[in-house]
Amino acid sequence: MPQCEMCGKERPSLTTVKVEGAELELCDDCKEFGTEVRTESSSSQSTKYSTSSSSSASSTSSSAGGGSSGGSSRRRRDMFDDMDEIASDYDRRIREAREDRGLSQEDLAQSLNEKASLIRKLERGDILPSDEVQKKLERKLEISLVEGGDGEDSEWSGGSSTTTTLGDVVKRKD
């Protein structure tokens, strides 16, 4: 019998729910802590939030407005859908960029107006950088700490056979 990934109770059926950016298989008691991930059964196309697991409990929802006549149900978006994910090798990126510039951990910390212990913890991968520290590091070291982004790889290169949109070319100044 499957187990709820939040409370550990064994239940005959679980629902796929997105809680703080992670998709979990949860029981009915715990599914209120997130938003339900839906699968489209009538079409072969899936949204970026669909899962391949078929869950019998995910086809009905009392919080959905009941006024949809299209047959496909869409999941409510949450704040984590638009957030960038920190790269899994952020610690290596920070350390290599710092060393390439000939900076010690103390020098980097001083230039960022942060503590050297913070830089040490970041380079060991003990903690994730806050949004503010992430922006400071990316500006100072000229790197990207988000998943898929790398300072040199973020440049646009033409010649691709796929369709290019404006969002593929423009760099935002945040």
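Everything numeric here is computed off the predicted structure, so don't read it as measured data.

Rules of the game
Residues numbered from 1 in each chain as written. Predicted model: local features only at pLDDT ≥ 70, side-chain atom pairs only at ≥ 80, totals over all residues. Heavy atoms only, no water. Helix = DSSP H or I, 4+ residues; strand = E, 2+ residues; numbered from the N terminus. Buried < 20%, exposed > 50% of the residue type's maximum accessible area, 1.4 Å probe, protein only. Contact = heavy atoms within 4.5 Å. Areas by Shrake-Rupley, 256 points an atom, 1.4 Å probe, with all protein chains shown as cover. Axes fitted to C-alpha atoms, helices over the stretch in contact; angles between N-to-C directions. Parallel < 35°, antiparallel > 145°, perpendicular 65-115°, else oblique. Nonpolar A, V, L, I, M, F, W, Y, C, P; charged D, E, K, R; others polar. Pairing = 2+ DSSP bridges. Polar contact = N/O pair within 3.5 Å; in protein donor to acceptor, adjacent residues only side chain to side chain. Core = buried A, V, L, I, M, F, W, Y, C linked by side-chain atoms within 4.5 Å.

Visitor: So what exactly am I meant to see when it comes to the overall build of the protein chain here?
Guide: Check the secondary structure of the protein chain and you find five helices and three strands. Counting all 174 residues of the protein chain, 29% fall into the buried class. Counting only contacts in the protein chain whose residues sit at least 6 apart along the sequence, the fraction spanning at least 24 positions is 43%. Here the protein chain displays about 12200 Å² of accessible surface, and carbon together with sulfur accounts for 44% of that area.

Visitor: In this structure, what is going on with the packing of helix α1 (residues 90-100) against helix α3 (residues 116-124)? I would like to understand it.
Guide: The description of two packed helices rests on the angle between their axes and on the distance between the axes. Running from N to C, α1 and α3 point in directions that differ by 125 degrees, and their axes come no closer than 7 Å. Classified by the interaxial angle, the pair formed by α1 and α3 is oblique. Two secondary-structure elements touch here, α1 through Tyr90, Asp91, Ile94, Arg95 and Arg98 and α3 through Leu122, Glu123 and Arg124. Among the residues making up the contact of α1 with α3, the classes are represented as three nonpolar, no polar and five charged.

Visitor: Which parts of the structure should I look at to understand the sheet that holds strand β1 (residues 15-19)?
Guide: Neighbouring strands of a sheet are bound in pairs by backbone hydrogen bonds; such pairs are parallel or else antiparallel. Read across the sheet, three strands follow the order β2-β1-β3 without closing on themselves; strand pairing throughout is antiparallel. At either margin of the open sheet sits one strand with a lone partner, and together these are β2 (22-26) and β3 (35-36). One ladder, built from two bridges, connects β1 with β3; its direction is antiparallel. Its bridge partner lying in β3, Val17 is registered against Glu36.

Visitor: Please clarify how the environment of Ser111 should be interpreted in this entry.
Guide: In this fold, Ser111 is placed in helix α2 (residues 105-112). When the C-alpha positions of Ser111 and Lys136 are compared, they lie 9.5 Å apart, and in sequence the two are 25 residues distant. Among the polar contacts made by the side chain of Ser111, one reaches the main-chain carbonyl oxygen of Leu108 at a distance of 2.8 Å.

Visitor: Help me understand the environment of Phe33, please; the structure alone is not making it clear to me.
Guide: Among the secondary structure elements, Phe33 is positioned in the loop between β2 and β3. Excluding residues within four positions of it along the chain, Phe33 makes contact with Met6 and Val19.

Visitor: Please explain the nonpolar core as it appears in this structure.
Guide: Buried together is how nonpolar side chains tend to be arranged in soluble globular proteins. Ranked by internal contacts, the top residues of the largest apolar core, which has 15 residues, are Ile94, Leu122, Leu137 and Leu141. Of all the elements in the fold, those that place two or more residues in this core are α1, α2, α3 and α4 (131-141). No other element matches α3, which puts four residues into this core. Excluding anything up to four places from it in sequence, Ile94 contacts Leu122, Glu123, Leu137, Leu141, Ile143 and Leu145.

Visitor: What am I meant to see in the pairing of β1 here?
Guide: Walk down a regular strand and you will see the side chains alternate between the two sheet faces. When you tally the buried positions in β1, you get five out of five residues, the bulk of the element. A two-sided burial pattern is seen for β1, the buried positions comprising Thr15, Val17 and Val19 on one face and Thr16 and Lys18 on the other. Pairing of β1 with β2, which is carried by five bridges, proceeds in the antiparallel orientation. Looking across to β2, one finds that Thr16 is bridged to Glu25.

Read these as spatial facts, not as claims about activity.
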